[in-house]
Amino acid sequence: MKIVKLAERKKIHKAAELLLNSTDAIALTGAGVSTESGIPDFRGEGGIWEKYKPEIYGSFKAFLKNPKRFWKMAERVAPKLFSADPNPGHIALAELEDMDIVKAVITQNIDELHQKAGSVIVYEVHGNINRFTCFGCRASYTKDQVMRKLKKEKHYPPQCDVCSAPLKPSVVLFGEALPTFEIYQSQALAGNADVMLIAGSSLSVDPIADLPLYTLGNGGKLIIVNDRPTHLDERAEVVIRHKTGMVLPLIVEEIKKIQVSAESGESQIEKD
Ligand code: APR
Ligand code: ZN
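Residues numbered from 1 in each chain as written. Chains lettered and ligands numbered in written order. Predicted model: local features only at pLDDT ≥ 70, side-chain atom pairs only at ≥ 80, totals over all residues. Heavy atoms only, no water.

(A) Seen up close, the environment of histidine 242. With respect to the element layout, histidine 242 can be found in the loop between β9 (238-240) and α11 (244-271). Apart from residues no more than four positions distant in its own chain, histidine 242 is found in contact with Glu8, Val225, Asn226, Asp227 and Val247. (Helix = DSSP H or I, 4+ residues; strand = E, 2+ residues; numbered from the N terminus. Contact = heavy atoms within 4.5 Å.)

(B) Broad picture of the environment of glutamate 17. Within the secondary structure layout, glutamate 17 lies in helix α1 (residues 6-20). Relative accessible area serves as the criterion here: at 36%, glutamate 17 is assigned to the partly exposed category. Separated by 241 residues in sequence, glutamate 17 and isoleucine 258 place their C-alpha atoms 7.9 Å apart. (Buried < 20%, exposed > 50% of the residue type's maximum accessible area, 1.4 Å probe, protein only.)

(C) How the structure looks around unusual backbone geometry. Residue tyrosine 156 is joined to proline 157 through a cis peptide bond whose omega torsion reads -5°. Tracing the backbone through its elements, the reader meets proline 157 in the loop between α8 (143-153) and β6 (167-171). Here arginine 138, not a glycine, exhibits a phi torsion of approximately 65°, which is positive. Inspection of the secondary structure puts arginine 138 in the loop between β4 (127-134) and β5 (140-142). With a phi angle near 60°, serine 164 is a residue other than glycine that sits in the positive phi range. Here serine 164 is to be found in the loop between α8 and β6.

(D) How the structure looks around the packing of aromatic side chains. Going through the model one piece at a time under the given rule, you end up with eight aromatic pairs. Between tyrosine 52 and tyrosine 57, the aromatic rings sit 5.1 Å apart at their centres with planes inclined by 70°, giving edge-to-face as the arrangement. Ring centres 5.9 Å apart and planes at 55° place the aromatic pair phenylalanine 60 and phenylalanine 135 in the tilted group. In this pair, phenylalanine 60 sits in helix α4 (residues 60-65) while phenylalanine 135 sits in the loop between β4 and β5, placing the two residues 75 residues apart along the sequence. Through pairs of rings, three or more aromatic residues link up here, namely Phe60, Phe63, Phe70 and Phe135. Positioned above the aromatic ring of tyrosine 156, the side-chain terminus of lysine 72 is 4.2 Å from the ring centre. (Phe/Tyr/Trp six-rings, centres within 6.5 Å; stacked < 30°, edge-to-face > 60°. Lys NZ or Arg CZ within 6 Å of the ring centre and 35° of its normal.)

(E) Highlighting the site of ligand 1. Residues in contact with ligand 1 amount to 23 residues; listed here are only the nearest, Glu36, Arg43, Ser201, Ser202 and Asp227. Residue glycine 32 places a main-chain N or O atom 3.4 Å away from a nitrogen atom belonging to ligand 1. For ligand 1, an oxygen atom lies 3.2 Å from a polar atom in the backbone of glutamine 108. Isolated, ligand 1 exposes 740 Å² of accessible area, and the fraction of that covered by the protein chains is 95%. Of the residues assigned to the shell around ligand 1, the class counts are five nonpolar, twelve polar and six charged. (Near = heavy atom within 4 Å. Polar contact = N/O pair within 3.5 Å; in protein donor to acceptor, adjacent residues only side chain to side chain. Areas by Shrake-Rupley, 256 points an atom, 1.4 Å probe, with all protein chains shown as cover. Nonpolar A, V, L, I, M, F, W, Y, C, P; charged D, E, K, R; others polar.)

(F) Inspection of the coordination of the zinc ion (ligand 2) at higher detail. Donor atoms from the polypeptide that bind the zinc ion (ligand 2) are Cys134 (SG), Cys137 (SG), Cys160 (SG) and Cys163 (SG), placed at 2.2 to 2.3 Å. Considered as a linear motif, the donors of the zinc ion (ligand 2) on their single chain read C-x2-C-x22-C-x2-C. For cysteine 163, a relative accessible area of 34% puts it in the partly exposed group. (Donors = N, O, S within 2.8 Å, 3.2 Å for Na, K, Ca; no water.)

(G) Representation of the domain arrangement of the chain. What the domain assignment reports for the chain is domain 1 (1-39 + 86-126 + 178-272) and domain 2 (42-83 + 131-171). Computed over C-alpha atoms only, the centres of domain 1 and domain 2 are separated by 31 Å. Taken together, the contact pairs eleven residues of domain 1 with nine residues of domain 2. Between domain 1 and domain 2 lies a buried interface of about 770 Å² when both sides are counted; carbon and sulfur atoms form 59% of it. When the buried area of domain 1 at its contact with domain 2 is split by residue, Ile39, Ile110 and Arg228 rank highest and sum to 46% of it. Across the domain 1-domain 2 interface, the total number found is one salt bridge. A salt bridge links glutamate 45 to arginine 228, with the shortest nitrogen-to-oxygen separation between them at 3.3 Å. Taken together, the connections running from domain 1 to domain 2 amount to two residue pairs in polar contact (both at pLDDT 80 or more). Per-class residue counts for the side of domain 1 that touches domain 2 are four nonpolar, four polar and three charged. (Domains from an automatic or database assignment. Buried area = accessible area lost by both parts, 1.4 Å probe. Salt bridge = Lys/Arg side-chain N within 4 Å of Asp/Glu carboxyl O.)

(H) Spotlight on the sheet that holds strand β8 (residues 221-225). If you walk across this open sheet you meet the six strands as β3-β2-β1-β7-β8-β9, and the pairing is parallel. With partners counted over all chains shown, the strands left at the sheet margins are β3 (122-124) and β9, one partner each. With strand direction ignored, the average angle separating the axes of adjacent strands in the sheet is 15°. Note: strand β1 (residues 25-29) against strand β2 (residues 102-107), four bridges, orientation parallel. When the sheet's bridge partners are listed, alanine 27 is paired in β2 with valine 105. With respect to the sheet, helix α9 (residues 180-192) is in contact with β1, β2, β3 and β7 (195-199), its orientation differing from that of β3 by roughly 130°. (Pairing = 2+ DSSP bridges. Axes fitted to C-alpha atoms, helices over the stretch in contact; angles between N-to-C directions.)

Printed below as a string of structure tokens:
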């Protein structure tokens, strides 16, 4: 186990116990789980919204007015997204799904790193950077098709081959509706969860920021792993203020230790 202070070790142990004893645990993740993969978050240290004003670059209305400006930002940010690999935090969450402890990951991230790490039940509530749609006729394009178009046509924004309307990445911008199924499913899962593991989110964007309240309303417990405070810290059972890439694997390690000692305890009883 990495050198962590005794107090943190106690919290990691408590989080491990909560997850091990849960029956309907889910994870809710934000951009903070991907910063250790080289993708900047939005509101943390050096976040995207420090450089690009969200009301100009992140809003649906602004995209309608000036899609070219949005694409200019996307051109600078996207390469980091496309070349990123999952980090130990993503891998730990995939392992918790493999152990049948985490039943689903609800993610605000658009980078597909949970899936690349092996997580299967992933609900992308803010869409996904690898799909693009046409604003006019709703034609859908893959990332490779759009990259080829940009290279060949050298035109921003890339236009639809069918109706020449601008293309938009299938990510949810401010003021845009969230994907219905993912939202309803996330609310149902959160309302049924006995433990919600929240990792790398400032919990500042509705309606996702409300999901932990669904779990609390169900009498469920919150575990928050974030390197900065969130407004729900005082309602969480466990708050670990460290990097997700370090803490999440330690929680998985701790779960395995508890399982081993329980098994050896049982076999001890059988021997006696
Ligand atoms: N480990 C732990 N916490 C981290 C790490 C890390 N390695 N890196 C960053 N953080 C923390 C930041 O301090 C911040 O509190 O993760 C949090 C990330 O918060 P945001 O940047 O607000 O990201 P997120 O919560 O996902 O934002 C939600 O807002 O702009 C929209 O659509 C965008 O999906 C995004 C949504
Ligand atoms: Zn079209």
